[in-house]
Amino acid sequence: MSVVVETVRYTYRLRPGATATSALNAEWNRCRYLWNEAVHQQKAGNKPTLCTLSKMLTDLRARNTWMREGSQVAQQQMLRTYTQALQHSFTVKGRGRPVFKRRKTTLPSLEYTTRGFSIKNGRLRLPGGVSIPVVWSRDLPSAPTSVRVTRDSLGHWYASFVVRREVEPSPEADGRIGIDWGVTTTATTTNPAFDLPYTGHRRRCAAELARAQRKMARRCRPRGHAQTNGYQRARRQAAKLHKKMARQNAHTAHAWTKTVVDHHQLIAVEDFKPKFLARSTMARKAADAAIGALKRTLIERGTRAGRRVVLVPPAYTTMTCSHCDSRAKTRLGLGERTFRCDECGFTAGRDLNAARVILATAERGRAGADDISHQVTSPRGRRSGAVRARNPLPSGTGKR
Ligand SMILES: [Zn+2]
């Protein structure tokens, strides 16, 4: 079997000292200024392009010392990111125009191409004599072509390198599976062996998070007053729990999707829209976020392995009989856990029936606009793999 080369990101924790931290923050502030300038131009109706923005940057650097102090690579990359975001706001459905990046609410993110960074003696070297120790949790598979330096809500810094690595193509599989998302059972599938039960740790995290947020609300001082140390502590606690929850979700998602993708060629997924359930409690919201993470991971892994991943809109899936294909007149109440067909008398678990309907819809491959959505857009805005109702999937291996 031939080896496939894929482009991926490898992320490592950074441990910058006080000097490096302030240098990174200063760099971020300069880049943020550029971004906001570009947003301003767009709002003023100037239709900024990468070309005009680059000219603006050259001009700014010629006139201002504080701008010249920063890295040109990082600044240029910021403008590039902006123009890409602007482009996506026109072409990707549901994506809004780029907005101002505020000092207090946005987290730093700096991008450097090979011209702007190097790795020496295990440290990441950035322009302006900045040298940061990296926690090498695993080896880089190849020399990186670019790096993104980010800070998260806890104040931890990370470097994410773009590298190429060789992987064995995933083994052939010929199974078919339909997947329905839910709150009581996170994923109900047509093959019960692959069902993903609800894992309690998310609810536990959600309860703790709610407690931290109540503490924040209690300690919050009115606008214009500096927040107390107690408030800052509570905020940090909440951010920590958020992170923990996200990591647990990511772990479950990776473990479960691997088994599903390894065993199935056709994967029919309910096209779950998080807003659908996100009204009520924190636990519900947590479950929603978990499903969103699962769906994303499944699509990504599936397309990468060259599987046929089909997104089926959830409309009518709970009302249709998976045995005789007739559609009930009335919607099944949320409390009703069993589906009973009026036409043929077929009974099955509500979610199991829905999963079968989802699989059947995908197998039939009806290309009707309201039956199957045709493509998936990954959260980064890149079109992943392509999901087709009618055509066989062009192999997505190694394209990303
Ligand atoms: Zn029936």
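First, a word on what this report is: a plain description of the structure on this page.

Binding of the zinc ion to the protein goes through C321 (SG), C324 (SG), C341 (SG) and C344 (SG), at separations of 2.3 to 2.4 Å. What the four donor atoms of the zinc ion show is an angle range of 106 to 115° at the metal, which sorts the shape as tetrahedral. Each donor residue of the zinc ion belongs to the same chain, with the gaps between them written as C-x2-C-x16-C-x2-C. Of this pair, C321 sits in the loop between β11 (308–312) and β12 (338–340) while C344 sits in the loop between β12 and β13 (347–349), and the two are 23 residues apart along the sequence. Of the residues examined, C321 reaches a relative accessible area of 1% and is grouped as buried.

A few words on unusual backbone geometry. With a phi close to 50°, K47 is a non-glycine residue in the positive phi region. Structurally, K47 can be placed in the loop between α1 (18–43) and α2 (50–63).

This paragraph deals with the pairing of strand β5 (residues 130–135). For a regular strand, side-chain orientation follows a simple rule: the groups alternate between the two sheet faces. The alternating pattern of β5 places V130, I132 and V134 on a buried face and S131, P133 and V135 on a face that is not buried. Two elements, strand β1 (residues 4–14) and β5, share two bridges in a ladder whose sense is antiparallel. Opposite R13, over in β5, you have V135 as the bridge partner. When strand β4 (residues 123–126) meets β5, the two strands line up antiparallel, connected through four bridges. Directly across from L126, in β5, lies its bridge partner V130. Linking two consecutive strands that pair antiparallel, namely β4 and β5, is a turn of three residues; a positive phi of about 80° is found at G128 within it.

Moving on to the nonpolar core. In terms of nonpolar packing, the biggest core is built from 36 residues, with L14, Y112, L124, L126, V149 and F161 touching the most fellow members. For this core, the element with the highest residue contribution is α1, accounting for eight residues. Here V149 is in contact with L14, L24, P108, S109, L110, Y112, L124, L126, W157 and Y158, once residues within four sequence places are set aside. Judged by nonpolar contacts, the second largest core, of 20 residues, contains A253, W256, I267 and I291.

A separate point is the packing of α1 against α2. Viewed as axis vectors pointing N to C, α1 and α2 meet at an angle of 130°, and their least axial separation amounts to 11 Å. In terms of orientation, α1 lies oblique with respect to α2. The chirality of how α1 crosses α2 is right-handed. Taken together, the residues of α2 that come into contact with α1 (itself represented by Y33, L34, E37, A38 and Q41) are L53, M56, L57 and L60.

Let us look at the packing of aromatic side chains. Tallied over the entire structure, the rule returns seven aromatic pairs. Here Y33 and W66 contribute two aromatic rings whose centre-to-centre distance is 5.2 Å and whose plane-to-plane angle is 80°, an arrangement assigned as edge-to-face. Taken as a pair, Y33 in helix α1 and W66 in helix α3 (residues 65–68) lie far apart in primary sequence, 33 residues in all. Aromatic ring contacts, followed pair by pair, group Y12, F117, W136 and F161 into a single cluster. Between K101 and the ring centre of W35, over which it is positioned, the NZ or CZ distance is 4.1 Å. The aromatic ring of Y316 is capped on one face by R327, whose charged end is 3.8 Å from the ring centroid.

To continue, consider the pattern of salt bridges. In total, this model carries 13 salt bridges according to the counting rule given. Of the charged contacts, one joins R9 and E111 as a salt bridge, the two residues approaching to 3.7 Å between their closest N and O atoms. One end of the pair, R9, is in strand β1; the other, E111, is in strand β2 (residues 109–113), with 102 residues separating them in the sequence. Between D351 and R337 there is a salt bridge, with its nearest N and O atoms 3.0 Å apart. Of the two residues, D351 is situated in helix α8 (residues 350–364) and R337 in the loop between β11 and β12; the sequence distance between them amounts to 14 residues.

Take the sheet that holds β11 next. The strand order β9-β8-β10-β11 describes an open sheet built from four strands, whose pairing is mixed. Only two strands of the sheet have a single partner each, and these edge strands are β9 (187–189) and β11. Between one strand and the next, the sheet's axes are offset by a mean angle of 25°, whatever the strand orientation. In the sheet, strand β10 (residues 264–270) pairs with β11 via five bridges, with the strands oriented parallel. Following the sheet pairing, V269 is matched in β11 by L311. Against the sheet, helix α6 (residues 229–263) contacts β8 (175–181), β9 and β10, and its axis sits at roughly 130° relative to β10. Sitting on the sheet, α8 touches β8, β9, β10 and β11, and the angle it makes with β8 is about 130°.

Scoring rules and cut-offs
Residues numbered from 1 in each chain as written. Predicted model: local features only at pLDDT ≥ 70, side-chain atom pairs only at ≥ 80, totals over all residues. Heavy atoms only, no water. Donors = N, O, S within 2.8 Å, 3.2 Å for Na, K, Ca; no water. Tetrahedral: all angles 85-135°; square planar, octahedral: opposite > 155°, others 65-115°. Helix = DSSP H or I, 4+ residues; strand = E, 2+ residues; numbered from the N terminus. Buried < 20%, exposed > 50% of the residue type's maximum accessible area, 1.4 Å probe, protein only. Pairing = 2+ DSSP bridges. Core = buried A, V, L, I, M, F, W, Y, C linked by side-chain atoms within 4.5 Å. Contact = heavy atoms within 4.5 Å. Axes fitted to C-alpha atoms, helices over the stretch in contact; angles between N-to-C directions. Parallel < 35°, antiparallel > 145°, perpendicular 65-115°, else oblique. Left-handed = near helix turned anticlockwise from the far one by under 90°. Phe/Tyr/Trp six-rings, centres within 6.5 Å; stacked < 30°, edge-to-face > 60°. Lys NZ or Arg CZ within 6 Å of the ring centre and 35° of its normal. Salt bridge = Lys/Arg side-chain N within 4 Å of Asp/Glu carboxyl O.

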